Amino acid sequence: MLGRTFARFKKHKKNETPAAASAKSKSDGASVGQLAKILSASGRISLASLRKMAREDNAEAFVRFVQRPVLVGSAVRTGIISSKSAVASEELNSTQIFEPSKSMGSSISASESLKHAVYPLVKGEYPATPRGSFYIGRINGNDMIMPDYAISKRHAIIDIEDGSYYVRDAGSTNGTKINGSRLGKKRVKLKDKDVLGFARYEFTFLYPKSLYIMLREVKG
């Protein structure tokens, strides 16, 4: 489906008239709108389709289509998950506490399934969150949904302002990290290739050009 969408986008670009080109600033969000239509219910996009697109088209076309940065799954920390109290019945729907392993050798576990988790910072067709912010959490109603009890119902928020991206923790149980350092109450501006940690999960923040390079380099 993504391939067909991108094919239509390329055809439109090829047949674009000078008048249409002059109106480009008004239609820059068109491909973002197309992306919104092909996101999964959890906000993910098909890695296989993105990889195919990156290998068949040049960087400029790829970047123009994707437009927004993405979060790409990179690692899962090993550790223990436990409830906040001994009253199990009250904890069934609560966020669980994650205690990372103290052993450096086993603190990071590569996950093939997580590497296929690509979340564009694009809202779905019918978002339930405010414009200009991208919500990350465990339950429906977030833009990026991670159904894991180590993730809080509303875990973190990425604000988008004037083309820049800022991450802040949303009062999560297990915290949000950037490049290994836990966020305090202040938000932090994101840079290309920053590593974000949500509980036991780590994601790399990539701008479209870096995503393109990564996809071109990945074998298989």
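These lines cover the structure that appears in this document, whether it is placed above or below. (Residues numbered from 1 in each chain as written. Predicted model: local features only at pLDDT ≥ 70, side-chain atom pairs only at ≥ 80, totals over all residues. Heavy atoms only, no water.)

Things to note about the packing of aromatic side chains
We count it as follows: Here is the rule: rings of Phe, Tyr and Trp (six-membered ring for Trp) pair when centre to centre is within 6.5 Å. Planes less than 30 degrees apart are stacked, more than 60 are edge-to-face, and the remainder are tilted. Residue burial is assigned from relative accessible area. The probe radius is 1.4 Å, only protein chains are included, and a residue is buried under 20% of its type maximum, exposed over 50%, and partly exposed in between. Criterion for a charge above a ring: Arg CZ or Lys NZ at most 6 Å from the ring centre, at most 35 degrees from the ring normal.
Summed over all chains, the structure comprises 6 aromatic pairs. Ring centres 5.3 Å apart and planes at 85° place the aromatic pair Phe 205 and Tyr 207 in the edge-to-face group. A residue is classified by how much of its surface remains accessible, and Phe 205, at 0% relative accessible area, is buried. Put simply, the rings of Tyr 119, Phe 198 and Phe 203 pair up and form one aromatic cluster. Across the ring face of Tyr 166, the terminal group of Arg 187 is positioned such that the distance to the ring centre comes to 4.2 Å.

Examining the side chain of Asp 148
Condition: Only runs of H or I of at least four residues qualify as helices and only runs of E of at least two qualify as strands under DSSP, and these elements are numbered from the N terminus. Distance and chemistry together define a polar contact, namely a pair of N or O atoms within 3.5 Å, with one atom able to donate a hydrogen and the other to accept it when in protein, and with adjacent residues in sequence counting only for side-chain atoms on both sides. Here, residues are in contact when the closest pair of their heavy atoms is within 4.5 Å.
If you trace the backbone, Asp 148 turns up in the loop between strand 7 (144-145) and strand 8 (156-161). A polar contact is formed between the side chain of Asp 148 and the backbone nitrogen of Ala 150, at a distance of 2.8 Å. Beyond its immediate chain neighbours, meaning those up to four positions away, Asp 148 contacts Ile 81, Arg 138, Arg 200 and Tyr 201.

Looking at the sheet that holds strand 8
Basically, it comes down to this: The pairing criterion for strands is at least two bridges between them, as found by DSSP.
Here we have 5 strands laid out as an open sheet, ordered 7-6-8-9-12, and mixed in their pairing. The open sheet has two free edges, formed respectively by strand 7 and strand 12 (188-189), since each of these has just one partner strand. Of the pairings in the sheet, the one linking strand 6 (residues 133-137) to strand 7 comprises 2 bridges and is parallel in character. Its bridge partner lying in strand 7, Ile 136 is registered against Met 144.

A word on the pairing of strand 9 (residues 164-169)
Direction of pairing for strand 8 relative to strand 9: antiparallel, over a ladder of 6 bridges. Each residue of the ladder has a partner; that of Ile 158, found in strand 9, is Val 167. What sits between strand 8 and strand 9 in their antiparallel hairpin is a turn of 2 residues, with Asp 162 showing a positive phi close to 50°. For strand 9 and strand 12, the ladder comprises 2 bridges, and the chain directions are antiparallel. Within strand 12, the residue paired with Tyr 166 across the bridge is Lys 189.

Here we look at helix 5 (residues 47-56)
For the record, the criterion: As used here, the arc is the angular range of directions from the helix axis to the C-beta atoms.
Every buried residue belonging to helix 5 is among Leu 47, Leu 50, Arg 51, Met 53 and Ala 54, and all of these are buried. For helix 5, the buried positions fall inside an angular range of 160° around the axis, keeping them on one side. Between a side-chain oxygen at the N-terminus of helix 5 and the backbone nitrogen of Ala 48 the separation is 3.4 Å; the capping residue is Ser 46.

What to know about the nonpolar core
Proteins that are soluble and globular tend to have nonpolar side chains buried together. Rules: Residues belong to a common nonpolar core when they are buried Ala, Val, Leu, Ile, Met, Phe, Trp, Tyr or Cys residues joined through side-chain atoms within 4.5 Å.
Membership of the largest hydrophobic core comes to 25 residues, with the highest contact counts inside it found for Leu 71, Met 144, Met 146, Ile 158, Phe 198 and Phe 203. For this core, the elements supplying multiple residues, two or more each, are strand 1 (70-77), strand 6, strand 8, strand 9, strand 13 (195-198) and strand 14 (201-206). By residue number, the principal contributor to this core is strand 14, which donates 3 residues. If we skip the residues at most four places from it in the chain, Phe 198 touches Leu 71, Ile 136, Met 144, Met 146, Ile 151, His 155, Ala 156, Gly 175, Thr 176 and Phe 203. Membership of the second largest hydrophobic core comes to 22 residues, among which are Val 32, Leu 35, Ala 36 and Leu 39.

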